[in-house]
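Read off the chains here:
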Amino acid sequence: MKKKYKILFIQPIGVFSGSLKSSEEYIKNLYKKFSFIFFTQRGYSSKILNDYGRVFNTIGICKFDNTQNSHYKGIRWILIIREIIYLISTIFNLVQIKFCVKDVDLIHLNEITGLPTAIFAKYIFKKPLIVHVRSLNNNKKNSKFSKLYLKILEKFADKILAIDSDVLHTINIKKKSTILRNVFNLKKKINLKKGVKIKERLRIGYIGTFLKYKGVEVLINAIDELFKKDFKIELVLAGATIKRNFFLKKIYQFFNIDSNINENLLKKKFIKNLGFIKDINNFYKKIDILCFPSSLNSLGRQIFEAGMHGIPSIVCLKKNYADSFINKKTGLSFKRQGDLKKLENIIKYFYLNRKQILTMGNKAKKLIKKNHSIKDNLKKLENIYLEAARN
């Protein structure tokens, strides 16, 4: 009988997130081959991961954010106080996990922001560390701090997994890095749309947390302008804002560092809010186009999910292409985050050119099938796990 290797899987984010959904797509195919022990923050992630292994959760996991979009600068440095407080619960819980499970064969950190926690886990368990990088790293040429951060990553990580070539480029640790693309499990064959009649409402979709930097406010405002001009458009949302207790909410508002959107915007007549949904296929059945106008300058898993459903995307991206998107072929893009007029014009284009929805959707599906093979990527991760556990 083959040994079932134990994996300490660290999920730093407790709320619904792309990192959680992306990892679940892998774990649901691997949990029978490997024994997963999960360490995460209390919240939605605990409920999801509980289906695949033993879960240890805590009030907070110590993180450090050096991503392009939300690295510490100015008043944001005050968030370090929160991470220092979380460090106590992090170490306590890691020791508790060590006491309960005795030992593991490897550690998998599901997002680079949780690197401090992963380093402590490596010291306690003395096992190989795999670090998943899902966001562009802040690698400004003159940033000595970013260079130091990457040196720390290179020192402690035994293997680095980047979700696409853009993310890989911002890490630039060639010997230890590889691309492991996001995948999507299709329960049944998806029938591509036959097109949308010009008289029907155009249904724009957004799925994920309702955060400012993800461009949700800009999207709502753009559709609001078109709605006032009698364009028949429905905005289908699936997600929610990040929930915080009264005390934390007031602190974030006082220092003007709250990333949640203004929730009053969700009351617009043209919005249909589905909240968090477990079966995302139900979301994609309700939309014609996906919109992800984020300031991240990288594409979330929503883009390739939409592509798998034959749905084109509207994105904010400086380049004309990415692993899961090609401008004017699989969707349309604009370069400057917050460009309300440009986003408005793109939506108007699809409204007036409905046949392009089907044409671009078909091309998106072909691109995703080529780059995001579930069979190839699953085998790749399984081999990475086995190699790390045996060393």
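Here the structure is shown first, and the text comes after it.
Cut-offs applied
Residues numbered from 1 in each chain as written. Predicted model: local features only at pLDDT ≥ 70, side-chain atom pairs only at ≥ 80, totals over all residues. Heavy atoms only, no water. Helix = DSSP H or I, 4+ residues; strand = E, 2+ residues; numbered from the N terminus. Rg over C-alpha atoms; globule rule 2.2 N^0.38 Å. Buried < 20%, exposed > 50% of the residue type's maximum accessible area, 1.4 Å probe, protein only. Polar contact = N/O pair within 3.5 Å; in protein donor to acceptor, adjacent residues only side chain to side chain. Contact = heavy atoms within 4.5 Å. Expected span 1.5 Å × (residues − 1). Arc of directions from axis to C-beta. Core = buried A, V, L, I, M, F, W, Y, C linked by side-chain atoms within 4.5 Å. Axes fitted to C-alpha atoms, helices over the stretch in contact; angles between N-to-C directions. Parallel < 35°, antiparallel > 145°, perpendicular 65-115°, else oblique. Left-handed = near helix turned anticlockwise from the far one by under 90°. Nonpolar A, V, L, I, M, F, W, Y, C, P; charged D, E, K, R; others polar. Pairing = 2+ DSSP bridges.

Draft legend 1. Molecular detail of the overall build of the chain. The helix and strand tally for the chain stands at 13 helices and 15 strands. A compact globule built from 391 residues would reach a C-alpha radius of gyration of about 21 Å, and the chain, at 21 Å, matches this within 12%. Across its three principal axes, the chain shows a C-alpha extent of roughly 65 × 50 × 40 Å. Expressed as a percentage of its 391 residues, the buried residues of the chain come to 56%.

Draft legend 2. Looking closely at the side chain of Ser46. With respect to the helices and strands, the residue Ser46 is situated in helix α2 (residues 44–49). Among the polar contacts listed, one links the side chain of Ser46 to the side chain of Asn57, at a separation of 3.2 Å. For Ser46, the contacting residues outside a window of four places in its chain are Thr40, Gln41, Val55 and Asn57.

Draft legend 3. Spatial organisation of helix α4 (residues 115–125). Most of α4 is tucked away, with eight of its eleven residues classed as buried. Residues of α4 that are buried include every one of Leu115, Pro116, Thr117, Ala118, Ile119, Ala121, Lys122 and Phe125, and no others. Elements in contact with the buried residues of α4: β1 (6–11), β2 (35–41), α3 (79–101), β4 (106–109), β5 (129–133) and α5 (144–156). Lys126 sits one or two residues past α4 and shows a positive phi near 55°.

Draft legend 4. Expanded view of helix α11 (residues 340–352). Here α11 is 13 residues long and its end C-alpha atoms lie 18 Å apart, about the 18 Å a rise of 1.5 Å per residue gives. Of the positions making up α11, those classed as buried are Leu343, Glu344, Ile346, Ile347, Phe350 and Tyr351. Viewed end-on, α11 has its buried residues packed into an arc of 160°, placing them on one side of the element.

Draft legend 5. Local environment of the nonpolar core. Membership of the largest hydrophobic core comes to 55 residues, with the highest contact counts inside it found for Ile204 and Ile347. In terms of residue count, the dominant contributor to this core is helix α7 (residues 216–228) (seven residues). Excluding anything up to four places from it in sequence, Ile204 contacts Leu219, Ile223, Ile233, Glu234, Leu235, Val236, Ile287, Ile289, Cys291 and Ile347. Core analysis: the second largest hydrophobic core is formed by 38 residues, Leu109, Leu115, Leu150 and Tyr252 among them.

Draft legend 6. Up close: the packing of α4 against α5. In contact at an axis separation of 11 Å, α4 and α5 are set at 30° when each is read in the N-to-C sense. Between α4 and α5, the interaxial angle falls into the category roughly parallel. Here the hand of the crossing between α4 and α5 comes out left-handed. Packed against α4, whose contacting residues are Leu115, Ile119, Lys122 and Tyr123, the element α5 presents Tyr149, Ile152, Leu153 and Phe156 at the interface. The class makeup of the residues in the contact of α4 with α5 is seven nonpolar, no polar and one charged.

Draft legend 7. Quick look at the sheet that holds β5. In space, the seven strands of this open sheet follow the order β3-β2-β1-β4-β5-β6-β7, with parallel pairing throughout. What marks the edges here is a single partner per strand, and that holds for β3 (53–58) and β7 (177–179). Neighbour-to-neighbour, the strand axes of the sheet open up by a mean angle of 20°, direction not taken into account. Sheet analysis places β4 next to β5, joined by three bridges and oriented parallel. Looking at the pairing, Leu109 lines up with Val131 of β5.

Draft legend 8. Fine view of the environment of Asp158. If you trace the backbone, Asp158 turns up in the loop between α5 and β6 (159–162). Spatially, the C-alpha atoms of Asp158 and Cys100 are 25 Å apart, while their sequence positions differ by 58 residues. With residues near it in sequence (within four places) discarded, Asp158 still touches Lys122, Lys127, Pro128, Leu129 and Lys176. One polar contact links Asp158 to Lys122, side chain to side chain, over a distance of 2.8 Å. One polar contact links the side chain of Asp158 to the main-chain amide nitrogen of Leu129, over a distance of 2.7 Å.

Draft legend 9. Layout of the packing of α3 against α4. Two elements in contact, α3 and α4, have axes whose closest approach is 10 Å; the angle formed by their N-to-C orientations is 35°. The chirality of how α3 crosses α4 is right-handed. The residues of α4 that touch α3, namely those facing Leu87, Thr90, Ile91, Leu94, Val95, Ile97, Lys98 and Val101, are Thr117, Phe120, Ala121, Ile124 and Phe125. Grouping the constituent residues of the contact of α3 with α4 by class yields ten nonpolar, two polar and one charged.

Draft legend 10. A look at the sheet that holds strand β11 (residues 289–292). Judged by pairing direction, the sheet is parallel, and its six strands sit side by side in the order β10-β9-β8-β11-β12-β15 without closing on themselves. Edge strands, defined here as strands with exactly one partner in the open sheet, are β10 (271–273) and β15 (331–334). Here the strands of the sheet are splayed against their neighbours by 25° on average, with no regard to which way each runs. By the bridge criterion, six bridges tie strand β8 (residues 202–207) to strand β9 (residues 233–238) in an arrangement that is parallel. Residue Arg203 lies in a different strand from β9, and its bridge partner there is Glu234. The strands that α7 touches are β8, β9, β10 and β11; relative to β9, the one it contacts most, it runs at about 160°.

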